[in-house]
Amino acid sequence: MDRPNYITPAGYAALRAEYDALFATERPQLVETIAWAAGNGDRSENGDYIYGRKRLREIDRRLGWLSKRMKAAKVVDPAAQEDRNRVFFGATVTIADEDDNQRELTLVGDDETDAGKGLIGWNAPLARALRGAGIGDLRRVTLPGGEREYEVIAVTYP
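Residues numbered from 1 in each chain as written. Predicted model: local features only at pLDDT ≥ 70, side-chain atom pairs only at ≥ 80, totals over all residues. Heavy atoms only, no water.

1. Focus: helix H2 (residues 47–72)
- Between the first and last C-alpha of H2 there are 38 Å, a value that for 26 residues agrees with the 38 Å anticipated at 1.5 Å per step.
- Among all positions in H2, only Tyr-49, Gly-52, Leu-56, Ile-59, Leu-63, Leu-66, Arg-69 and Met-70 are buried.
- Where H2 begins, the capping side chain belongs to Asn-46, and its oxygen is found 3.2 Å from the backbone nitrogen of Asp-48. (Helix = DSSP H or I, 4+ residues; strand = E, 2+ residues; numbered from the N terminus. Expected span 1.5 Å × (residues − 1). Buried < 20%, exposed > 50% of the residue type's maximum accessible area, 1.4 Å probe, protein only. Polar contact = N/O pair within 3.5 Å; in protein donor to acceptor, adjacent residues only side chain to side chain.)

2. Points about the packing of aromatic side chains
- Counted according to the given criterion, the structure contains four aromatic pairs.
- Note on Tyr-6 and Trp-122: the rings are 6.3 Å apart at their centroids and 90° apart in plane angle, and the pair reads as edge-to-face. In this pair, Tyr-6 sits in strand S1 (residues 5–7) while Trp-122 sits in the loop between strand S5 (119–121) and helix H3 (125–130), placing the two residues 116 residues apart along the sequence.
- Given a relative accessible area of 25%, Tyr-6 falls into the partly exposed group.
- On the basis of relative accessibility, which here comes to 12%, the residue Trp-122 falls in the buried class.
- Their ring planes at 80° and their centres at 5.6 Å tell us that Phe-89 and Trp-122 sit as a pair that is edge-to-face. With Phe-89 in the loop between strand S2 (73–75) and strand S3 (92–96) and Trp-122 in the loop between S5 and H3, this residue pair connects regions lying 33 residues apart in the sequence. (Phe/Tyr/Trp six-rings, centres within 6.5 Å; stacked < 30°, edge-to-face > 60°.)

3. A short note on the pairing of strand S4 (residues 102–108)
- Pairing geometry for S3 and S4, over five bridges, is antiparallel. Looking at S4, one finds that Thr-92 is bridged to Thr-106.
- Remark: five residues form the turn of the hairpin made by S3 and S4, two consecutive strands paired antiparallel; Asp-100 in that turn has positive phi of roughly 65°.
- Across three bridges, S4 lies against S5 in parallel orientation. Along S5, the bridge assignment pairs Thr-106 with Leu-119. (Pairing = 2+ DSSP bridges.)

Such coordinate-based values are descriptive only and should not be taken to indicate function.
In structure tokens form, the structure reads like this:
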């Protein structure tokens with residue numbers, strides 16, 4: 001990876017919880033089901049065996065991906081940020097567009113994004129435009145809907 005995989009402590013805990021649930025619970029149960037299905041004879045028409053093996057491959061792929069992401073993760077606690085007047089990783093930013101429509105966004109790791117909750121990835125175009133901005137700064141960003149200008153209204157950290 002050419003860039004660090006920044007992640008909040010809560011985001012890392014969520015990745016770890018998903019990994020542990022898949023590895024310690026779901027995968028062993030699935031292996032047991034596959035072993036039982038294999039013991040039933042003809043595997044070519046055995047739905048439990050066929051779909052169990054397919055799901056096992058999906059779980060193993062996801063475990064590999066989670067493992068790589070956790071190894072590359074650089075956990076950054078936004079509460080430890082010293083300069084609380086500028087937008088950095090983990091900041092919750094209130095912005096206003098040209099029409100004075102306000103929205104609140106939190107800059108999080110790319111593995112934690114959830115646009116519905118206002119969590120945008122650190123490497124998203126809007127987040128890149130807001131990096132380093134202070135209250136009152138204007139930032140122009142090119143989005144799929146066209147170019148927009150945003151003013152930073154407030155910056156907070158947990």
